[in-house]
Amino acid sequence: MGKSGKLMYLAMVVCLLLLQHKGEAIWLSLPPSGTKCVSEELHNNVVVLADYIIISDDHVHPTPTISARVTSPYGNTLHHKENITHNQFAFTTTEAGNYLACFWADNPGSGSLSVNIEWKTGIAAKDWESVTRKEKIEGVELELRKLEGAVEAIHKNLIYLKSRESEMRSASETTNARVAWFSIMSLGVCILASVLQILYLKQYFQKKKLI
């Protein structure tokens, strides 16, 4: 393999690693009263794994507790816990759309709280240690397996984006057609009203013998 071929291969690997689904560490500052939420748009059959823990900014002991709720795009509750300081949830998506995770303090006014969320989706949520032990793979073979999973995730994501783009284009075309028909109908009504007004005024002036 030449130098240019190696550079191209390296660039492809870097792109795949950047594009694959990855884990994210999120910090949320909870208000004294109210709810704070995070959301992510996901397509079908995506594995989601998350751990969360609260930290009292005022260093109060014992640490105040919070409640958490995770809902699907259609409002189905996937995870709901109360009076906790840390927990985790895992699920596989069955609906495409925005998945919402909301957190709130159990005792309003208990002080400033921060929630650290380790959110993993897709290939990042897979237990590679179990795969390594079960299939006895390591090194380059393991990295290639990860890249294969990343390629599959990217392919599914592209298909999902293509379907969403098609839905949005269809909705835009339908909306444009309806607006065009509404404009034509409005113009027709205005023309008809103008003609009737002219005929009425003409008859009125004729009766008054003004014309």
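Rules behind the numbers
- Sequence order as written defines the numbering, with residues in each chain counted from 1.
- Local features in this predicted model are restricted to residues whose pLDDT is 70 or higher, and side-chain atom pairs enter the listing and the counts only when it is 80 or higher, whereas totals over whole chains, interfaces and linings include all residues.
- Side-chain metrics in this entry use all non-hydrogen atoms of the structure; hydrogen atoms and water are not considered.
- Confidence of the predictor at the level of single residues is given by pLDDT, which spans 0 to 100.
- Every helix listed is a DSSP run of H or I at least four residues long, and every strand listed is a run of E at least two residues long, numbered separately from the N terminus.
- In what follows, residue pairs with any heavy atoms lying within 4.5 Å of each other are defined as contacts.
- We count a salt bridge whenever a side-chain nitrogen from Lys or Arg sits within 4 Å of a carboxyl oxygen from Asp or Glu.
- The buried label goes to any residue with under 20% of its type's maximum accessible area, the exposed label to any with over 50%, and the partly exposed label to all in between, with areas taken from a 1.4 Å probe on protein chains only.
- We call a pair of cysteine sulfur atoms a disulfide whenever their separation is within 2.5 Å.

Caption draft 1: Local environment of the confidence of the model for the protein. Considering every residue of the protein, the mean pLDDT works out to 80; 77% of them sit at 70 or more. Mean pLDDT in the protein bottoms out at helix H1 (residues 3-19), which sits at 47, and peaks at strand S4 (residues 66-71), which reaches 93. Taken as a whole, residues 13-21 scores under 50 in pLDDT and shows 18 contacts with residues more than four places along the chain or in a different chain.

Caption draft 2: View of the pattern of salt bridges. Within the structure shown, the criterion is met by 3 salt bridges. With its nearest N and O atoms 2.3 Å apart, the salt bridge here joins Arg164 to Glu41. Remark: Glu41 occurs in strand S2 (residues 35-42) and Arg164 occurs in helix H3 (residues 140-207); sequence separation between them is 123 residues. Given the relative accessible area of 40%, Glu41 is considered partly exposed. Arg169 is paired through a salt bridge with Glu165; the nearest N and O atoms lie 2.7 Å apart. Within this pair, Arg169 and its partner Glu165 are both found in helix H3, separated by 4 residues, close to a single helical turn.

Caption draft 3: Region of the structure containing the state of the cysteines. By the definition in use, this model includes 1 disulfide. Paired by a disulfide, Cys37 and Cys102 hold their sulfur atoms 2.0 Å apart. Around the S-S axis, the bridge from Cys37 to Cys102 shows a dihedral of about 105° and counts as right-handed. Of this pair, Cys37 sits in strand S2 while Cys102 sits in strand S7 (residues 97-105), and the two are 65 residues apart along the sequence. For Cys37, a relative accessible area of 37% corresponds to the partly exposed category.

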